Amino acid sequence: MGDTKRIVYWIRRLSEIAMIGWLAMMLLLDLVLAVGIGSFQWLVPFCGACGIAAVVLRRRYRIEGFSAMLALSFGTSIVIGGTGLAGAPGMAETGSLLILLIGVLRHVEPVRRAAVLACVGLIVLMAEAVGREYHNAGLAFSFLLFAGWSTAAGIGGYLRFQQERRAEAVHSVRRAERLELARELHDLVAHYITGIVVQAQAARTVAETSPEAVAPALDAIATAGSEALTSMRRMVTVLRTEDDAARKPGITLADLRILTDRFSADGPKVAFEIGQGLDDHTLPPEVMTTLHRVLQEALTNVRKHASHTAWVESDLRRHEQTVVLRVRNFGAASDPRVSRLGGGFGLVGMAERVEALGGRLYAGPSAQGAWEVVAEFPLP
């Protein structure tokens, strides 16, 4: 996981450096052009330098930087056009505006504000072409700048569409899982309350004949009530934060083994091992049901994305105050669609639920070349 993060980090860093490098080369060309034209053309490299600074700081000052560049570029076009002297659009300035435009269309909320800023950007670019007409090339500049603006607007709009579509898909998954969690909460309450009622009835029955048996029964009732409150608090916390749910309570380790056996019957063979120190009373009900759901989701992803895998290895082990579920599939390449929890919405939901219970979930390539899903839960 660490290696993957480092690779992604350096890819982003190198992309950023390459982009700034291209803008710097354009700024050098603007300086050469300013030396040849002279006069107010020197304002253009200044705009380009400010644009590069706005691009570097765009994540922190996205709207402010873009607005400042619009005002500066428009003012420069007015000054050059008003004097009637020769001038030319700045390449670094224009490149910075287009890069900033992509970010504005992708991230600025609401979308109405982003659209207004994009339209203002088009006006500024057209003013740049008209106000800095170099050797009667204003029409050509207008065409090129409009083509650049259209391309940047298309890229920004497409990225925003993809981002909103994914957000909507994740929201739908969360909502569906919340409904399942509500049902699970109902079953969990029924599970504990039924046990409390049975123990209370038993205590009442033996109260007259065996008074000494009442105290242990009351202790058992108090313990069951405390466990019920703890489990319900955890689940209500998950429900309030729009986290996920899974199956009903009452799941046992045998259910996990049945799940792997059913998967092996019509898919790759699964070897499932339960380590020492684990039984049906070791894990809280909400942890057991989440373990079942994570195992189910991991095996489902093996069937979907690695159907030609040779075998699947899974185990549930205890490490001091932590229980770890690990699922690995061998003999098939890792599928990038679920890499880093980026493509599997089921794993996205499971990661949030695991984290809501105080644990963590990882899905990605292992050091041995297998694809693995690891879920860790703290024990009370």
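All of the points below concern the structure found in this document. These numbers come from a predicted model, not from an experiment.

## Notes on the overall build of the protein
Then, in step 1: For the protein, the count of helices and strands is 10 helices and 5 strands.
Then, in step 2: Expressed as a percentage of the 380 residues in the protein, the buried residues total 41%.
Then, in step 3: Sequence-distant contacts, at least 24 apart, represent 75% of the contacts inside the protein between residues at least 6 apart.

## Examining a nonpolar patch on the surface
Then, in step 1: On the surface, Tyr 9, Trp 10, Leu 14 and Ile 17 cluster together to form a nonpolar patch covering roughly 470 Å² of accessible area.
Then, in step 2: Residue position: Leu 14 is located in helix H1 (residues 2–37).
Then, in step 3: A residue is classified by how much of its surface remains accessible, and Leu 14, at 54% relative accessible area, is exposed.

## So, the environment of Leu 122
Then, in step 1: Mapped onto the elements of the fold, Leu 122 is located in helix H5 (residues 111–131).
Then, in step 2: Expressed as a C-alpha distance, the spacing of Leu 122 and Leu 98, which sit 24 residues apart in the sequence, is 9.8 Å.
Then, in step 3: Non-local contacts of Leu 122, meaning those with residues more than four positions away in its chain, are made with Phe 146 and Trp 149.

## Some words on the side chain of Thr 282
Then, in step 1: Along the polypeptide, Thr 282 turns up in the loop between strand E1 (269–274) and helix H9 (285–305).
Then, in step 2: Look at Thr 282 and you get buried, because its relative accessible area is 19%.
Then, in step 3: Side chain to side chain, Thr 282 and Asp 279 meet in a polar contact 2.8 Å long.

## Section: the pairing of strand E3 (residues 322–330)
Then, in step 1: E3 sits mainly inside the fold: 7 of its 9 residues count as buried.
Then, in step 2: Of the pairings in the sheet, the one linking strand E2 (residues 311–319) to E3 comprises 9 bridges and is antiparallel in character. Opposite Glu 313, over in E3, you have Arg 328 as the bridge partner.
Then, in step 3: Taken together, E2 and the strand that follows it, E3, pair antiparallel across an intervening segment of 2 residues, in which Glu 320 is found at a positive phi of about 55°.
Then, in step 4: Pairing of E3 with strand E5 (residues 371–378) involves 8 bridges; the strand directions are antiparallel. Bridge pairing in E5 links Arg 326 to Val 374.

## Considerations on H5
Then, in step 1: Taking 1.5 Å per residue, 21 residues should reach 30 Å; H5 reaches 30 Å between its end C-alpha atoms and fits that length.
Then, in step 2: Within H5 the residues assigned to the buried category are Ala 114, Leu 117, Ala 118, Gly 121, Val 124, Leu 125, Ala 127, Glu 128, Ala 129 and Gly 131.

## What about helix H8 (residues 253–265)?
Then, in step 1: For H8, built from 13 residues, the straight-helix expectation of 18 Å at 1.5 Å per residue is met to within 8% by its first-to-last C-alpha distance of 19 Å.
Then, in step 2: Buried residues of H8: Leu 253, Leu 256, Leu 259, Thr 260, Phe 263 and Ser 264, and no others. Across the axial projection of H8, the buried residues extend over an arc of 135°, all falling on one side. Looking at H8, the residues exposed on the side facing more than 90 degrees away from the buried face are Arg 262 and Ala 265.
Then, in step 3: The elements touched by buried residues of H8 are E1, H9 and E2.

## Observations concerning the sheet that holds E1
Then, in step 1: The strand order E1-E2-E3-E5-E4 describes an open sheet built from 5 strands, whose pairing is mixed. Either end of the sheet is taken by a strand with one partner, and the two such strands are E1 and strand E4 (360–365). Pairs of neighbouring strands in the sheet enclose a mean axial angle of 10°, with direction left out of account.
Then, in step 2: In the packing of H9 onto the sheet, contacts are made with E1, E2, E3, E4 and E5, and the angle to E3 comes to roughly 10°.

Thresholds, definitions, all that
- Residues numbered from 1 in each chain as written.
- Predicted model: local features only at pLDDT ≥ 70, side-chain atom pairs only at ≥ 80, totals over all residues.
- Heavy atoms only, no water.
- Helix = DSSP H or I, 4+ residues; strand = E, 2+ residues; numbered from the N terminus.
- Buried < 20%, exposed > 50% of the residue type's maximum accessible area, 1.4 Å probe, protein only.
- Contact = heavy atoms within 4.5 Å.
- Patch = residues over 30% accessible without salt bridge, like charges linked within 9 Å, V, L, I, M, F, W, Y side chains within 5 Å.
- Areas by Shrake-Rupley, 256 points an atom, 1.4 Å probe, with all protein chains shown as cover.
- Salt bridge = Lys/Arg side-chain N within 4 Å of Asp/Glu carboxyl O.
- Polar contact = N/O pair within 3.5 Å; in protein donor to acceptor, adjacent residues only side chain to side chain.
- Pairing = 2+ DSSP bridges.
- Expected span 1.5 Å × (residues − 1).
- Arc of directions from axis to C-beta.
- Axes fitted to C-alpha atoms, helices over the stretch in contact; angles between N-to-C directions.

That's the geometry; what it means functionally is another story.
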